[in-house]
Amino acid sequence: QKMKRYILIIIAICAMSTVMVKAPEKDAVYHLISESYTLNKDGSSEFRKRVELQIFTRMTFDEFGETFITSNPDFQELIINEAYTIRKDGSKVETPANAFNPMLPEVCTKCERLNGIRTMVVTHTALEYDAINVLDYTIRSKNFFFQELLEKVDLQEEVPVEKYVIRVTIPNYKTLSLSLNGEHSKVSGDEKDNMITVEN
């Protein structure tokens, strides 16, 4: 009788332990990735990106704890529109100024002509389980020698994406050649103020 009780108790404890250490179904999820490409009439352009990422595991802290944004200050301006973390309790923690650190990319160290390029390292703070990182930035490019948009966007991410939005805005006298590969890709266009916007 007693032996059976001990066995049942041990089995029950083991079952509970298995539930407690069960790994989450996903390490993180992008609630939103939004990318906007704008070609202005004067040949200048803007790229704006917004990312809302929720993290669930410790691995995510290491893998997504920093964001790297590369630009060339000689003809580009980087603007951080928003950077903050929404904690599990719903409180909002703004990313401090010392979390933004420009550095020379390693691939540019041995080429003098590329020494002006900078990568802004954004360190996400206040990380915890179920927290949501929000980063929104813009790269403005001056009227340069190549006054067109030529981009290739890889829609494959390491973790699930709930919503991925791509917007392309060009002057209405320009010709837009856009190709999207994927069963769920849909494209619609809208013309306003002599500009054409395409959103998938």
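Residues numbered from 1 in each chain as written. Predicted model: local features only at pLDDT ≥ 70, side-chain atom pairs only at ≥ 80, totals over all residues. Heavy atoms only, no water.

### As for the overall build of the chain
Formally: By the criteria applied, helices consist of DSSP H or I runs no shorter than four residues and strands consist of E runs no shorter than two, each listed in order from the N terminus. Remark: exposure states derive from per-residue accessible area (1.4 Å probe, protein chains only) relative to the maximum for the residue type, with buried under 20%, exposed over 50%, and partly exposed in between. In this analysis, two residues are considered to be in contact whenever any of their non-hydrogen atoms come within 4.5 Å of each other. Working definition of accessibility: Shrake-Rupley area with a 1.4 Å probe, residue cover restricted to the visible protein chains.
For the chain, the helix and strand inventory stands at two helices and 11 strands. In the chain, the succession of helices and strands from N to C terminus is α-β-β-α-β-β-β-β-β-β-β-β-β. Split into buried and exposed, the 200 residues of the chain put 30% on the buried side. Long-range pairs, those at least 24 residues apart, make up 70% of the contacts in the chain with a sequence separation of at least 6. As presented, the chain carries roughly 13,900 Å² of accessible surface, and 52% of it is formed by carbon and sulfur atoms.

### What to know about the side chain of Thr85
Applicable threshold: Pairs of N or O atoms are called polar contacts if they sit within 3.5 Å, as long as, within protein, a hydrogen donor faces a hydrogen acceptor (for residues adjacent in sequence, only side-chain-to-side-chain pairs).
Mapped onto the secondary structure, Thr85 falls in strand β4 (residues 76-86). Thr85 sits in the buried class, given a relative accessible area of 1%. Looking at Thr85, its side chain comes within polar contact range of the side chain of Asn133, at 3.1 Å. Every residue in contact with Thr85, bar those within four places of it in the chain, is listed here: Ser91, Lys92, Val93, Thr125, Ala126, Ala131, Ile132 and Asn133.

### Notes on the nonpolar core
Our working definition: Residues enter a nonpolar core if they are buried and are Ala, Val, Leu, Ile, Met, Phe, Trp, Tyr or Cys, with the set joined through side-chain atoms within 4.5 Å.
Tyr30, Leu53, Ile55, Ile69, Leu135, Tyr137 and Val159 are the most contacted members of the largest nonpolar core, which totals 24 residues. Among the elements that take part in this core, strand β1 (residues 28-39) stands out by supplying five residues, more than any other. Ile69 has contacts with Leu78, Ile80, Arg118, Thr119, Met120, Val122, Leu135, Tyr137 and Ile139, leaving out every residue within four places of it along the chain.

### As for the sheet that holds strand β7 (residues 118-123)
In plain terms, the rule: For two strands to be treated as a pair, DSSP must find at least two bridges joining them. To get an axis, a line is fitted to the C-alpha atoms, and for a helix only the part in contact is used. The angle between two axes follows their N-to-C directions and goes from 0 to 180 degrees.
Here three strands make up an open sheet; going across it, the order is β3-β7-β6 and the pairing antiparallel. Strands at the two margins of the open sheet, each flanked by one partner only, are β3 (66-71) and β6 (100-103). Direction aside, neighbouring strands of the sheet carry axes that sit 25° apart on average. The sheet contact formed by β3 and β7 spans six bridges and is antiparallel. In the sheet register, Thr67 faces β7, and the bridge partner there is Val122.

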